[in-house]
Amino acid sequence: MGSRRDAFHTPPAPGCAGSPVVGVDACRTGWVAVALCEEGRFAGADTAAGLSELLGRFPGAAVVAVDMPLGLLRTGWREAEALAVGMVAPHRSRVFPVPPRGVWEADDYDDANQRCRELTGQGLSRQTWGLAAKLREANACRDGGDHRLYEVHPEVSFAAVNESRPVAWSKKSWNGQALRRRLLGDQGIVLPGDLGPAGRVPPDDVLDAAVAAWSARRIALGAGRSLPDPPQEADTGLAVAIWY
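Note that the structure is a prediction, hence the values are computed from the model and not measured.

Caption draft 1: Examining unusual backbone geometry more closely. Here the amide bond leading from Ala89 into Pro90 is cis, since omega sits at 15°, within 30 degrees of zero. Of note in the backbone geometry, Glu163 takes a positive phi value of approximately 60° without being a glycine. Note on placement: Glu163 falls in the loop between helix H8 (154–161) and helix H9 (174–186). A relative accessible area of 60% places Glu163 in the exposed class.

Caption draft 2: Seen up close, helix H5 (residues 109–120). Taking 1.5 Å per residue, 12 residues should reach 16 Å; H5 reaches 16 Å between its end C-alpha atoms and fits that length. Looking only at H5, the buried set comprises Tyr109, Ala112, Asn113, Cys116 and Thr120. The arc that holds the buried residues of H5, viewed along the axis, is 100°, so those residues lie on one side. Relative to its buried face, H5 has exposed residues pointing more than 90 degrees away, namely Asp110 and Glu118. Those residues of H5 that are buried lie in contact with helix H4 (101–104) and helix H6 (126–129). One side-chain oxygen at the N-terminal end of H5 lies 3.4 Å from the backbone nitrogen of Asp110; it belongs to Asp108. The first or second residue beyond H5 is Gly121, which carries a positive phi of 85°.

Cut-off values and rules
- Residues numbered from 1 in each chain as written.
- Predicted model: local features only at pLDDT ≥ 70, side-chain atom pairs only at ≥ 80, totals over all residues.
- Heavy atoms only, no water.
- Helix = DSSP H or I, 4+ residues; strand = E, 2+ residues; numbered from the N terminus.
- Buried < 20%, exposed > 50% of the residue type's maximum accessible area, 1.4 Å probe, protein only.
- Expected span 1.5 Å × (residues − 1).
- Arc of directions from axis to C-beta.
- Contact = heavy atoms within 4.5 Å.
- Polar contact = N/O pair within 3.5 Å; in protein donor to acceptor, adjacent residues only side chain to side chain.

Structure (structure tokens):
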């Protein structure tokens, strides 16, 4: 394992000490992480093709918040997404419903769509099926014993930062990214102009990882909240909830 500077690919913030918390978002090339130090300031950013590789670079992280569904049911839809819709309304399209495990074990979209109809009475969108590979990867990490992982949803987290109001502008728009950076800055999370390799990741993915890190710090401090509260239980016995 390299030094913290090597692991983060960007230098830690001056005076930033203590165990980090980490926020992770999926991106085109794999995964991107933003770490905060114990004081809640930016501590570094990194990318990796595989989630387990990325997690291995933060062995001292107390909490890792991941923007990916963690925990699947045997039948029916999860409660977390229905509650999350209430926090981001009227922007309902920002939240995808998550079907049971059997759907994600399908070989292709047509098979998954059929299984979804059998298990839930509804079909599956192709956009949701697009999460399949990374959803399986993230759940394999947590089911395999890395219980530092908590599920978050960046739009839910940004709504919480924004005094329970969803951000009106799309995260891919100039206005939307500017507002999200300001909201993070108001929380003491100032993203530098040079993120090294992480700077090649689309800005909305970096912002999502940063607000996931904000949620990770709340969880580490015992101030995190979950949707639902208490969480549901997955077919593995682990919690099913979106945290913020």
